[in-house]
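The lines below spell out each chain.
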Amino acid sequence: MPPRKRVKLNDGKALAGDRTELTSISNPVVASAASTDPDAESSRKSRIRKGCLKDIPNCAVELQLEIFGYLQPQDLFNLSRTCKAFHSFFLHRSNERLWEASIKNDEDLPERPPWMSIPAFIHLLYSPYCQNCASPNVRKATWLWFARYCSHCLPQMSSSTMAVEEKLKRVDAVLQRQFKNQPGWFLHGIDEERPKDPQRGYYNYRYHRQQEKRYLARDVDQLISKWKALPERKGYDVLDAFCLKRKNELIVRVKYARDCEEWYEERKQDRKDELQDVRKERFEAILELLKETGWKKELDFLGKYGLEKMSRLPVVRQSTKLTDKGWEKVQDALDGFLNDTRAQRLKAEKEPIIKERFAELDAAIVAYCVTFPRNATMRCRPLAFDLAPMKELERLANAPVSENVTRESFASIVPKLVDKWFAKQKAEFESFLRPHIKCDRVPQGVGILDLAIAVFNLGTDYRPSGLRYPYILTQWRFRGSNSKRLLGVLPPGHYASCAANHYYQIPFTVSGLDKMEVEQGIKWMRSILTALGLDPDRTTAAELEKCEGRLRCAKCKADGQPDVVYAWEAAFLHTANNNSGKKTCYHSRWVRVKAPDMARVKELEATAHEVTLDTERFGWCCSLCLEDWWPGKANEIRQHLAQKHQIEDARRAVEDGTVYINPEHRRVLRKPPVTLLPP
């Protein structure tokens, strides 16, 4: 430790070791020689705050001792560091009883080790300064060493295991060997600090090596001095006695060190609880003031987790009481946070209103697009969410909350919006097909989407009947945002984003089409139409439906597979199912069934192509209801027809279109293939 400052007398001479007179703070020997200038004295007194300790030295010694007898060890320690007079007074040997009385006043204090004086023990417990360089803020002591060192001095005041072994070896090889075998019997070691994380880029030896110990150099010197005090010729009995004695000493030191560490942790936790109480009190005061200034709705909107997040803000989390000046800083710091919260609250309050308005808009669209009895094309209408990007809709859908917007409010603009949506989607699908079709050969008055080759290949999970316009408008993949190609349809923060649901996450967009898949599907259709004897560039979808021709797969026939006959729809699906993703699909070559076999084919198709409720288990629609489909079995549809519409003949309902299959959920071919057996 640095040398103690020497106390000066009134005549300027240093006090040379006679400390018998230092029994009172008011002793003139230790009192500082004050200036005799009356102006300086009055100036000094004017700076002294009310309630300070300036009058204590003038009290009687007995009264001083009586006052100090009620203080706790930390109070005496703090007083001893206030000035030289207090320091000399409290550390004088004649006043040790004050320290003993203070220890009795603090029941939570750990037991004092017998080898330490009371002032030294109290200094170890409460002084936050390094005992070597006096650096501040050394919060935790090394309790096994009963010392407090900063991170800079700790390596200087300690030695590594290897250094201790070398030092002991120079003293006596026997001692070095005993220490190497049982280091915990001779010295208390602490784990050497290692880097928190391994540095990237190269192997960090300090991080990956085995944990090593460091030992206090002072304890090493004491161990050597005790070893040297033993007889020169040390027998086994002397060595065993020395080792046992040293081990017992360390066990005792561990007990005291453990008590000190537990006391420190309890005190640390008490301090944390105290600061937390102050923070809680400050936070509650801030909340009350915020409510008074008009932020009550925002605080209620934040809820438990939002308030917890707010309490962790630096300006709020301070462990000091809130003052008027501090409140001004809090207001400035929380301005942005509270305004963002207000914007979120207003948005959250408006979101259910917007969802209700979109539900009303959807009802208005149904009223405009659906007439009874319904058919499959009426299902190919836009949803309310599909119209969200249109500017004409925002005036009503995003109107203030106070404005009442109902289905009748949308009825006037729905026809214009729906027609505009249909025109946009039709134009986009046509532009998608135009590069793959010879437009100059299309018959006059026939649209591109009316051609037989105008199919949109979406993979094997989709049937060709659902890949034509307008039935492709029912496919969910054009409204899902799983693909990166579908992102960005609505700008960030769009008012209608809250109207999205699990299935329809974005408005309808043709960006979900894959150009290569569509081009491949058109090539397959060209091959099918050519095999049927139809012109791929001029044949319409209606003409293809009237065609009675059937096809055989050339690849399957060459491989000796069973003789399967396909209609055009089944042929397209067969090609898609056998496409391995390569550029060329060998199952796209077709041969038309000749006339002699058509009689047998028609006979088999008479039963195979019959559509009943049991043919398609899911996706039925009732033309007399607004409900789209039931995910149940055929008996549930029969029950619905009988109870709600008094229709008992379910087969007749399928034939006359009273019940039809939703194109969005078709899973069974209308004309499945048939197998011709050898004659």
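Residues numbered from 1 in each chain as written. Predicted model: local features only at pLDDT ≥ 70, side-chain atom pairs only at ≥ 80, totals over all residues. Heavy atoms only, no water.

Visitor: Mind showing me how you'd approach a negative patch on the surface here?
Guide: Taken together, the side chains of Glu107, Asp108, Glu262, Glu266, Asp270, Asp273, Asp277, Glu281, Glu284, Glu288 and Glu292 define an acidic patch exposed on the protein surface. With respect to the helices, strands and loops of the structure, glutamate 288 is situated in helix α12 (residues 236-292). (Patch = residues over 30% accessible without salt bridge, like charges linked within 9 Å, V, L, I, M, F, W, Y side chains within 5 Å. Areas by Shrake-Rupley, 256 points an atom, 1.4 Å probe, with all protein chains shown as cover. Salt bridge = Lys/Arg side-chain N within 4 Å of Asp/Glu carboxyl O. Lys, Arg positive; Asp, Glu negative; His and termini not counted. Charge placed at Lys NZ, Arg CZ, Asp CG, Glu CD. Helix = DSSP H or I, 4+ residues; strand = E, 2+ residues; numbered from the N terminus.)

Visitor: Sorry if this is basic, but what is going on with the sheet that holds strand β3 (residues 213-216) here?
Guide: Consider a sheet: its strands pair through backbone hydrogen bonds, and that pairing is either parallel or antiparallel. Pairing is antiparallel in the open sheet, where 3 strands are placed in the order β1-β3-β2. The sheet is open, and its two borders are formed by β1 (158-160) and β2 (189-191), each paired with just one other strand. Recorded for the sheet is a direction-independent mean angle of 40 degrees between the axes of neighbouring strands. Bridging between β2 and β3 involves 3 bridges; their strand directions are antiparallel. Within β3, the residue paired with isoleucine 190 across the bridge is arginine 214. Strands β1 and β3 of the sheet are contacted by helix α11 (residues 217-228), whose axis makes an angle of about 65 degrees with β3. (Pairing = 2+ DSSP bridges. Axes fitted to C-alpha atoms, helices over the stretch in contact; angles between N-to-C directions. Contact = heavy atoms within 4.5 Å.)

Visitor: Where do I start with the environment of glycine 306 in this structure?
Guide: Tracing the chain through its elements places glycine 306 in helix α13 (residues 296-311). Classification of glycine 306 by relative accessible area gives buried; the value is 13%. Measuring from C-alpha to C-alpha, the distance between glycine 306 and threonine 341 comes to 9.3 Å, with 35 residues separating the pair along the chain. (Buried < 20%, exposed > 50% of the residue type's maximum accessible area, 1.4 Å probe, protein only.)

Visitor: Would you mind showing me how to read helix α22 (residues 595-608) here?
Guide: The α-helix advances 3.6 residues per turn, and as a result positions three or four apart in sequence lie on the same side. In this model α22 runs 20 Å from its N-terminal to its C-terminal C-alpha over 14 residues, within 8% of the 20 Å that 1.5 Å per residue would give. Along α22, the residues classified as buried are Met598, Val601 and Glu605. (Expected span 1.5 Å × (residues − 1).)

Visitor: Got a minute to help me understand the nonpolar core in this structure?
Guide: Side chains of nonpolar character tend, in soluble globular proteins, to be buried together. Residues Phe358, Leu393 and Phe429 are the most contacted members of the largest nonpolar core, which totals 73 residues. Looking at this core, the elements with two or more residues in it are α14 (324-369), α15 (391-397), α17 (414-433), α18 (515-531), β4 (551-553) and α21 (568-577). Apart from residues no more than four positions distant in its own chain, phenylalanine 358 is found in contact with Ala384, Phe385, Ala388, Leu393, Ala397, Tyr495, Ala496 and Ala499. Judged by nonpolar contacts, the second largest core, of 27 residues, contains Leu65, Phe89, Ala141 and Trp263. (Core = buried A, V, L, I, M, F, W, Y, C linked by side-chain atoms within 4.5 Å.)

Visitor: What's the story with the environment of proline 119 in this structure? I'm lost.
Guide: Along the chain, the position of proline 119 falls in helix α6 (residues 118-126). Sequence separation of proline 119 and proline 73 is 46 residues, and the distance between their C-alpha atoms is 8.8 Å. Those residues within four positions of proline 119 in sequence are excluded, and the remaining contacts are Leu91 and Trp99.

Visitor: Help me out: how do you make sense of the packing of helix α8 (residues 161-171) against helix α9 (residues 173-181) in this one?
Guide: Think of two packed helices as two axes; the pair is described by the angle between the axes and how far apart they sit. Their axes nearest at 6 Å, the elements α8 and α9 cross at an angle of 150 degrees. By the angle class used here, α8 and α9 are roughly antiparallel. Regarding α8 and α9, the two cross each other, and that crossing is right-handed. Contact with α8, carried on its side by Val164, Glu165, Leu168 and Lys169, involves Ala173, Leu175, Gln176, Phe179 and Lys180 of α9 and no other residues of that element. (Parallel < 35°, antiparallel > 145°, perpendicular 65-115°, else oblique. Left-handed = near helix turned anticlockwise from the far one by under 90°.)

Visitor: What should I look at first to understand the packing of aromatic side chains in this one?
Guide: The geometry of two aromatic rings is summed up by the distance between their centres and the angle between their planes. Within this structure, the stated rule accounts for 21 aromatic pairs. Centroid distance tryptophan 421 to phenylalanine 508: 5.7 Å. Interplanar angle 75 degrees. Geometry classified as edge-to-face. Linking tryptophan 421 in helix α17 with phenylalanine 508 in the loop between α17 and α18, this pair joins segments that are 87 residues apart in sequence. The exposure class assigned to tryptophan 421 is buried, which follows from its relative accessible area of 1%. With a relative accessible area of 5%, phenylalanine 508 lands in the buried category. Arranged with centres 5.8 Å apart and planes meeting at 70 degrees, the rings of tryptophan 524 and phenylalanine 572 form a pair that is edge-to-face. With tryptophan 524 in helix α18 and phenylalanine 572 in helix α21, the pair connects residues that are 48 residues apart, well separated along the chain. Across the pair, phenylalanine 572 and tryptophan 524 agree in class, each one buried. By the ring-pair criterion, three or more aromatic residues cluster together here, those being Trp421, Phe422, Phe429, Phe456, Tyr469, Phe478 and Phe508. For lysine 555, the ring lying beneath its charged end belongs to tyrosine 586, and the centroid distance is 5.9 Å. (Phe/Tyr/Trp six-rings, centres within 6.5 Å; stacked < 30°, edge-to-face > 60°. Lys NZ or Arg CZ within 6 Å of the ring centre and 35° of its normal.)

Visitor: Is there a simple way to explain unusual backbone geometry in this structure?
Guide: In this structure, proline 373 follows phenylalanine 372 across a cis peptide bond, with omega equal to 0 degrees. The topology assignment puts proline 373 in the loop between α14 and α15. Even without glycine at this site, alanine 134 takes up a positive phi of about 65 degrees. By the element assignment, alanine 134 lies in the loop between α6 and α7 (154-157).

Visitor: Looking at this model, I keep getting lost on the side chain of histidine 188. Mind explaining?
Guide: As for its placement among the helices and strands, histidine 188 is situated in the loop between α9 and β2. Within the local environment of histidine 188, its side chain forms a polar contact with the backbone oxygen of leucine 250, the two atoms lying 3.1 Å apart. (Polar contact = N/O pair within 3.5 Å; in protein donor to acceptor, adjacent residues only side chain to side chain.)

Visitor: I would appreciate a short explanation of the UniProt feature "domain: F-box" (unreviewed entry) in the protein chain in the present structure.
Guide: Taken from the UniProt record, the annotation "domain: F-box" (unreviewed entry) applies to residues 62-90. Overall, residues 62-90 shows 76% helix and 0% strand. The separation of its end C-alpha atoms is 14 Å. (UniProt positions renumbered as here; feature names shortened; annotations may be inferred.)

Visitor: How do you make sense of the pairing of β3 when you look at a structure like this?
Guide: Two faces belong to every sheet, and in a regular strand the side chains alternate between them. Taken together, the 3 bridges between β1 and β3 define a ladder with antiparallel strand orientation. Paired with serine 160 across the two strands is arginine 214, which belongs to β3.

Visitor: Which parts of the structure should I look at to understand the packing of helix α3 (residues 73-80) against α6?
Guide: The contact between α3 and α6 brings their axes to 10 Å, and the two run at 90 degrees. Considering the angle they form, α3 stands roughly perpendicular to α6. The segment α3 lies against α6, with Pro73, Gln74 and Phe77 engaging Ile122, His123 and Tyr126. Taken together, the residues of the contact of α3 with α6 break down into 4 nonpolar, 2 polar and no charged. (Nonpolar A, V, L, I, M, F, W, Y, C, P; charged D, E, K, R; others polar.)

Visitor: Explain the environment of glutamine 505 to me, please; I cannot follow it from the model alone.
Guide: Along the chain, the position of glutamine 505 falls in the loop between α17 and α18. Taking relative accessible area as the criterion, glutamine 505 reaches 31% and is therefore assigned partly exposed. Along the chain, glutamine 505 and tryptophan 476 lie 29 residues apart, while their C-alpha atoms are 9.8 Å from each other.

Visitor: What am I meant to see in α13 here?
Guide: Spanning 16 residues, α13 covers only 16 Å between terminal C-alpha atoms, well under the ideal 22 Å at 1.5 Å per step. Largest kink in α13: about 110 degrees, centred on glycine 303. Burial in α13 covers these residues: Glu298, Leu299, Leu302, Gly306 and Met310. If you follow the buried residues of α13, they end up packed against α12 and α14. (Bend = angle between axes of the 7 residues up to and from the residue.)

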